[in-house]
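Close look at the chain arrangement
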Amino acid sequence: MGLLRGVARTAVVAGTATAVSNRVSRRQAGRWAQKDEQEQAQQQQQAAPPPPEPAPAPPPGDDMSTKMDQLKQLGDLKAQGLLTEEEFAAQKQKILG
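Residues numbered from 1 in each chain as written. Predicted model: local features only at pLDDT ≥ 70, side-chain atom pairs only at ≥ 80, totals over all residues. Heavy atoms only, no water.

1. Notes on the overall build of the protein chain
For the protein chain, the count of helices and strands is 3 helices and 0 strands. Each helix (α) and strand (β) of the protein chain, taken in turn from the N terminus, gives the series α-α-α. Carbon and sulfur atoms form 57% of the exposed surface of the protein chain, whose accessible area is close to 8,300 Å². (Helix = DSSP H or I, 4+ residues; strand = E, 2+ residues; numbered from the N terminus. Areas by Shrake-Rupley, 256 points an atom, 1.4 Å probe, with all protein chains shown as cover.)

Structure below.
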């Protein structure tokens, strides 16, 4: 009987150790997955800067030099990569009327 009792005790200890190990592994995997999701969300927020505010519409009766200055500013924003081609074209149409 002593041998059978020793084998049973070993089986119980091994089974308990396996169960605890699996539980710890699942908990760690869950924490790591949550941490990865948070990091990805932060990276997406940092990677996508807010779009630049559009250039204000010129008041009626503006002279040509003011319009030229605004077009130059738009060109600079586009050259810096702050405006897309579509945004540039839309703002240009607003300025030129």
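2. Considering the pattern of salt bridges
Per the stated rule, a full pass over the model turns up 1 salt bridge. One salt bridge connects Glu 85 with Lys 78, and the closest N-O pair in it is separated by 2.8 Å. (Salt bridge = Lys/Arg side-chain N within 4 Å of Asp/Glu carboxyl O.)

3. Some thoughts on a positive patch on the surface
Together, Arg 23, Arg 26, Arg 27 and Arg 31 make up a region of like positive charge exposed at the surface. Mapped onto the elements, Arg 27 comes out in helix 1 (residues 2-47). (Patch = residues over 30% accessible without salt bridge, like charges linked within 9 Å, V, L, I, M, F, W, Y side chains within 5 Å. Lys, Arg positive; Asp, Glu negative; His and termini not counted. Charge placed at Lys NZ, Arg CZ, Asp CG, Glu CD.)

4. Quick look at the packing of aromatic side chains
For the structure on display, the rule yields 0 aromatic pairs. Here the guanidinium or amino end of Lys 78 rests over the ring plane of Phe 88, the centre of that ring lying 4.9 Å away. (Phe/Tyr/Trp six-rings, centres within 6.5 Å; stacked < 30°, edge-to-face > 60°. Lys NZ or Arg CZ within 6 Å of the ring centre and 35° of its normal.)

5. Quick notes on the packing of helix 2 (residues 64-79) against helix 3 (residues 85-96)
Between helix 2 and helix 3, the shortest axis-to-axis distance is 10 Å and the interhelical angle comes to 175 degrees. For the element pair helix 2 / helix 3, the angle class is roughly antiparallel. Two secondary-structure elements touch here, helix 2 through Lys 67, Gln 70, Leu 71, Leu 74, Gly 75 and Lys 78 and helix 3 through Glu 85, Phe 88, Gln 91, Lys 92, Ile 95 and Leu 96. Residue composition of the contact of helix 2 with helix 3, grouped by class: 5 nonpolar, 3 polar and 4 charged. (Axes fitted to C-alpha atoms, helices over the stretch in contact; angles between N-to-C directions. Parallel < 35°, antiparallel > 145°, perpendicular 65-115°, else oblique. Contact = heavy atoms within 4.5 Å. Nonpolar A, V, L, I, M, F, W, Y, C, P; charged D, E, K, R; others polar.)

6. A look at the environment of Ala 90
Assignment of secondary structure puts Ala 90 in helix 3. Taking the C-alpha atoms as reference points, Ala 90 and Pro 54, separated by 36 residues in sequence, lie 9.4 Å from one another.

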